[in-house]
Amino acid sequence: KQWYQRRVRGASRSYSVISCLNVLDRCHYPLSLLQSMYNCLKERGGMIIIALVLPYNGSVEEGHDWVAQAEPLQIRGITFEQQLSYFCRFILEPMGFQLSYVTRVPYLCTGDLHNKYYSLSDALVAVTVPPAVTVPPVGPGVVGATNTTRVEMDTPPPGEGEE
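Scoring rules and cut-offs
Residues numbered from 1 in each chain as written. Predicted model: local features only at pLDDT ≥ 70, side-chain atom pairs only at ≥ 80, totals over all residues. Heavy atoms only, no water. Phe/Tyr/Trp six-rings, centres within 6.5 Å; stacked < 30°, edge-to-face > 60°. Helix = DSSP H or I, 4+ residues; strand = E, 2+ residues; numbered from the N terminus. Buried < 20%, exposed > 50% of the residue type's maximum accessible area, 1.4 Å probe, protein only. Salt bridge = Lys/Arg side-chain N within 4 Å of Asp/Glu carboxyl O. Contact = heavy atoms within 4.5 Å. Pairing = 2+ DSSP bridges. Core = buried A, V, L, I, M, F, W, Y, C linked by side-chain atoms within 4.5 Å. Axes fitted to C-alpha atoms, helices over the stretch in contact; angles between N-to-C directions.

Asks: For this particular structure, what's the right way to read the packing of aromatic side chains?
Replies: For any pair of aromatic rings, the description rests on two quantities: the centre-to-centre distance and the angle between the ring planes. One pass over the structure, following the stated rule, counts two aromatic pairs. Between Tyr 38 and Phe 97, the aromatic rings sit 5.2 Å apart at their centres with planes inclined by 80°, giving edge-to-face as the arrangement. Taken as a pair, Tyr 38 in helix α2 (residues 30-40) and Phe 97 in the loop between α3 (80-92) and β5 (98-110) lie far apart in primary sequence, 59 residues in all. With respect to burial, Tyr 38 and Phe 97 carry one shared label: buried.

Asks: Looking at this structure, how should I read the pattern of salt bridges?
Replies: Pairs can form between side chains of opposite charge whenever their charged atoms are close. Scanning the entire structure with this criterion turns up two salt bridges. Notably, a salt bridge pairs Asp 25 with Arg 26, separated by 4.0 Å at the nearest N-O pair. For Asp 25, a relative accessible area of 5% gives the class buried. Between Arg 104 and Glu 81 there is a salt bridge whose closest N-O contact spans 3.2 Å. Note that Arg 104 is positioned in strand β5 and Glu 81 in helix α3, a separation of 23 residues in sequence. Of the residues examined, Arg 104 reaches a relative accessible area of 44% and is grouped as partly exposed.

Asks: Which parts of the structure should I look at to understand the side chain of Ser 59?
Replies: Inspection of the secondary structure puts Ser 59 in the loop between β2 (47-54) and β3 (60-62). Its relative accessible area of 14% is what places Ser 59 among the buried residues. With near-sequence residues (within four places) excluded, Ser 59 lies in contact with Asp 25, Arg 26, Trp 66, Val 67 and Gln 69.

Asks: Would you take a moment to explain the pairing of strand β6 (residues 117-128) for this structure?
Replies: Two faces make up the sheet, and in a regular strand the side chains alternate between them. Sheet analysis places β2 next to β6, joined by seven bridges and oriented antiparallel. Bridging across to β6, Ile 50 finds its partner in Val 125. Pairing analysis gives 12 bridges linking β5 to β6, with the strands arranged antiparallel. Among the inter-strand pairings, Tyr 101 is bridged to a residue of β6, identified as Ala 126. Between β5 and β6, which pair antiparallel in sequence order, lie six residues.

Asks: Just to check I follow, could you spell out the nonpolar core for this structure?
Replies: In summary, soluble globular proteins display a tendency toward joint burial of nonpolar side chains. Counting 31 residues, the largest nonpolar core has Leu 24, Leu 34, Ile 50, Leu 73, Phe 87 and Leu 92 as its most contacted members. Residue assignment for this core shows that the elements contributing at least two residues are β1 (17-21), α2, β2, α3 and β6. Among the elements that take part in this core, α3 stands out by supplying seven residues, more than any other. Beyond its immediate stretch of four places on either side in the chain, Ile 50 contacts Cys 20, Leu 24, Leu 34, Phe 87, Leu 92, Ala 123, Leu 124, Val 125 and Val 127.

Asks: Could you clarify how one ought to interpret the sheet that holds β1 in this entry?
Replies: Strands belonging to one sheet form pairs held by backbone hydrogen bonds; the direction of such a pair is parallel or antiparallel. Pairing is mixed in the open sheet, where four strands are placed in the order β1-β2-β6-β5. In this open sheet, the two strands that pair with only one neighbour each are β1 and β5. Between one strand axis and the next, the sheet turns through 20° on average, direction left out of account. Most of the contacts of α2 go to β1, to which it runs at about 165°, and overall it touches β1 and β2. Its contacts with the sheet put α3 on β2, β5 and β6, and the angle it makes with β6 is roughly 30°.

Asks: Please explain α3 as it appears in this structure.
Replies: Since one α-helical turn is 3.6 residues long, residues separated by three or four positions face the same way. Within α3, burial applies to Phe 80, Gln 83, Leu 84, Tyr 86, Phe 87, Cys 88, Ile 91 and Leu 92. Lining the buried residues of α3 we find α2, β2, β5 and β6.

Asks: Which parts of the structure should I look at to understand the environment of Val 129?
Replies: For Val 129, the location among the structural elements is in the loop between β6 and β7 (133-135). Val 129 gets classed as buried once you look at its relative accessible area, which sits at 3%.

Remember that the coordinates give geometry; whether it matters functionally is a separate question.
Given below as structure tokens:
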């Protein structure tokens, strides 16, 4: 978490393409990582490509041990399709991402003592940051005025960061 807090803060809105391939289920702070990518992506024409193994099983390798994520994605559902739908609708969209493309691709990963390799299913998701939104004016007597605003992701989602 300290690395991207140091490195990403100075890179605001400077990247056209960001790839995050099979990382969200293996890092301690996947929601914070998504938020940082959102804040680094160019507003017009930028795209983030995310690969995520489903069914989701978030854990982090520390030395020879696997530990729980500090900030796990709370993906619900049993099937690939249910989990993908939940990830898009209840995690990405509320963060401000706009879904562009989704597909399912095979993911071959290294094996262990029991198998030479494993064939898993990856959700490959491409998202963008929508352009600034025009908000209609509020209040009586305002005619023809518009305000342009954009929601920044500096606050944690509801329920996070509360004591």
